[in-house]
Amino acid sequence: DERAQVRTQVAVEFFTAEHGRPPTDAREIAATIAKHSRQRTTAVAGYDLTFSPVKSISTLWAVAPVDVAAQIELAHREAVGDALAFLEKHALYSREGARGVRQVDVTGLVATAFTHRDSRAGDPDLHTHVAVANKVQTHSGKWLAIDGRVLFKAAVTASETYNTAIEKHLKARLGLTFTEREGSDRGKRPIREVVGVDPRLNERWSTRRASIDARRSELATTFQTDHGRPPTVIESIHLAQQATLETRDAKHEPRTLTEQRTAWAREATEVLGGPDGVTAMVTAALSPTLGVTSPRVNSAWVHATATAIQDTLQAGRSTWQVWHVRAEAQRRVRTTDLPGEGVDTVVDLLVDEVLTAGSVRITRPQDEVVEPEELRRHDGSSVYEVAGSALFTSAAILAAEQQLVEVAGRCDGHSASQDAVAIALLEQAANGVTLNAGQTALVRGMATSGVRLQLAIARTSA
């Protein structure tokens, strides 16, 4: 709380010094805090990559016969390997030269994996932590630090690679099928669960996540009330960490796998109405009767899917990089009948078509200098270009931006009188809707200016 108060006070001082006036609303304060709170680059000892399947996989693994549970663990391990292989191929580099100007290839990760079986709440939660040392060997034999910029950019894509891989491995090993979870938030990416696994059991074993989300919401509301502004991105991360710590149970005594499975079987029996209910659920998952239609992958599908990927990207962002395209391609391939060994090839085809046929590169190309072979990476790219850093957009977005620019200079729109706005505000107040100073200024400015294009930034409410 004290740190947040200091941030607010200092942000007001910085804003006033920069603009010659105090900030008029919470938005300007929040923007100043965000501007001056960007993290500086710091050295780290290593990275923790965590791979965790959707809840229904852990649920099935917890109550299935031992031989089936072993197959699920093997599929999980293979999927982790696939995700790490992706990182080594596309996102693992080091830097050398003055100020790390050259981004160079390396031989591979140095890491160790730890697989955990439960959450702090004791719920089944099959997941693996991969501790990656921040030292890699270049092809010239030097041991240098990982270029964390690219590893960070590729994190979501690595996660989607794992999600696709585990589905494919489980289908090949056990015949499992997946479908979108019912009741998913429309504003978020759909989550695919194992067909046949009872959602009630998934919910019963998600107590840790539910308690964290509830506490995080409470902390965010309190922050808004105390400081008169929403938390910045960094402050939101800190609030999430605080919620995680405050709701964290004390570590329970270690339990063997047999003890865990006995406890989970008892809890599943309570939720599903008896041992027969558990058996029926496992049988339904291993022998799904629900027909899940999977599209066939052919040239027409690749073309249509590439178009759909671009539509999805430009609906949510104005620019994108190869990481965004590859992550979206993984989500699309996951729903097909494609075997696991063909995933990488089809994902590469989709990425290539989206970036070459549908996107417009807006990052200025490198100078037309042909580097010698010694200054090129294994894929032919220059060591002076950061891998995956090129920005892309679409012709539709460029046209929309041009239209906005053309309209921005026009001031011939309808404008309300100050008296009309004052009456409207009084009427709102009489009806119980009171605006703060910033909201009132926004309403007055937009209603009376006559400007054709105006920008309003405000926090949305559910």
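Look up: the structure comes first, before these words.
*Asks:* Explain the overall build of the chain here, please?
*Replies:* Along its length, the chain carries 17 helices and 11 strands. Across its three principal directions, the C-alpha atoms of the chain cover 75 × 65 × 50 Å. Of all 462 residues assigned to the chain, the portion counted as buried reaches 35%. The contacts of the chain with a sequence gap of at least 6 include a subset with a gap of at least 24, amounting to 71%. About 26800 Å² of surface is accessible on the chain, with carbon and sulfur atoms providing 54% of the total. Computed over 53 positive and 57 negative side-chain charges, the inter-centroid distance for the chain is 3 Å.

*Asks:* Explain the sheet that holds strand β5 (residues 124-133) here, please?
*Replies:* In any sheet, the strands associate via hydrogen bonds between backbone groups, in a parallel or an antiparallel arrangement. Spatially, β1-β5-β4 is the arrangement adopted by the 3 strands of the open sheet, whose pairing is antiparallel. Unpaired on one side and paired on the other, β1 (46-51) and β4 (111-118) mark the two borders of the sheet. Neighbouring strand axes in the sheet, compared pairwise and without regard to direction, differ in orientation by 20° on average. Bridge analysis of β1 against β5 gives 6 bridges, and the strand direction is antiparallel. Bridged to aspartate 48 within β5 is alanine 131. Packed on one face of the sheet, helix α4 (residues 66-90) meets β1 and β5 and runs near 30° to β5. Here helix α10 (residues 257-272) sits on the sheet in contact with β4 and β5, set at roughly 40° to β4.

*Asks:* Is there a simple way to explain the pairing of β4 in this structure?
*Replies:* Looking along a regular strand, one sees side chains alternate from face to face of the sheet. As paired strands, β4 and β5 are joined by 7 bridges and run antiparallel to one another. Looking at the pairing, phenylalanine 114 lines up with histidine 129 of β5. Here β4 folds back onto β5, and the loop between the two strands holds 5 residues, one of which, glycine 122, carries a positive phi near 85°.

*Asks:* Explain the pairing of strand β3 (residues 102-105) to me, please; I cannot follow it from the model alone.
*Replies:* In the sheet, strand β2 (residues 93-96) pairs with β3 via 4 bridges, with the strands oriented antiparallel. Each bridged residue has a counterpart across the sheet, and for tyrosine 93 the counterpart in β3 is aspartate 105. In this structure, the hairpin formed by β2 and β3 is closed by a connection of 5 residues, where glycine 97 is found at a positive phi of approximately 95°.

*Asks:* I keep staring at the nonpolar core and nothing clicks. Help me out?
*Replies:* Looking at soluble globular proteins, one finds that nonpolar side chains tend to be buried together. In terms of nonpolar packing, the biggest core is built from 73 residues, with Ile72, Leu87, Leu170 and Leu350 touching the most fellow members. A total of 10 residues in this core trace back to one element, the largest contributor, which is α4. Those residues in contact with leucine 87 that lie beyond four places of it in its chain are Leu49, Leu92, Leu151, Ala154 and Ala158. With 6 residues, the next largest nonpolar core counts Ala4, Leu219, Phe223 and Leu239 among its residues.

*Asks:* Looking at this model, I keep getting lost on the packing of aromatic side chains. Mind explaining?
*Replies:* Describing an aromatic ring pair means giving the distance of the ring centres and the angle of the ring planes. Following the criterion strictly, the structure yields 2 aromatic pairs and no others. With 5.7 Å between their ring centres and 45° between their planes, phenylalanine 51 and tyrosine 162 make a pair best called tilted. Remark: tyrosine 162 occurs in helix α6 (residues 155-174) and phenylalanine 51 occurs in strand β1; sequence separation between them is 111 residues. As far as burial versus exposure is concerned, phenylalanine 51 and tyrosine 162 are alike and both buried. Between the aromatic rings of tryptophan 61 and tryptophan 264, the centroid separation amounts to 5.6 Å while the plane-to-plane angle is 55°, which identifies the pairing as tilted. On the criterion of sequence distance, the pair formed by tryptophan 61 in helix α3 (residues 55-63) and tryptophan 264 in helix α10 is long-range, its members being 203 residues apart. Accessibility assignment for this pair places tryptophan 61 and tryptophan 264 in one class, buried. Seen from the ring of tyrosine 93, arginine 377 lies directly overhead, with NZ or CZ sitting 5.2 Å from the centre.

Conventions used here
Residues numbered from 1 in each chain as written. Predicted model: local features only at pLDDT ≥ 70, side-chain atom pairs only at ≥ 80, totals over all residues. Heavy atoms only, no water. Helix = DSSP H or I, 4+ residues; strand = E, 2+ residues; numbered from the N terminus. Buried < 20%, exposed > 50% of the residue type's maximum accessible area, 1.4 Å probe, protein only. Contact = heavy atoms within 4.5 Å. Areas by Shrake-Rupley, 256 points an atom, 1.4 Å probe, with all protein chains shown as cover. Lys, Arg positive; Asp, Glu negative; His and termini not counted. Charge placed at Lys NZ, Arg CZ, Asp CG, Glu CD. Pairing = 2+ DSSP bridges. Axes fitted to C-alpha atoms, helices over the stretch in contact; angles between N-to-C directions. Core = buried A, V, L, I, M, F, W, Y, C linked by side-chain atoms within 4.5 Å. Phe/Tyr/Trp six-rings, centres within 6.5 Å; stacked < 30°, edge-to-face > 60°. Lys NZ or Arg CZ within 6 Å of the ring centre and 35° of its normal.

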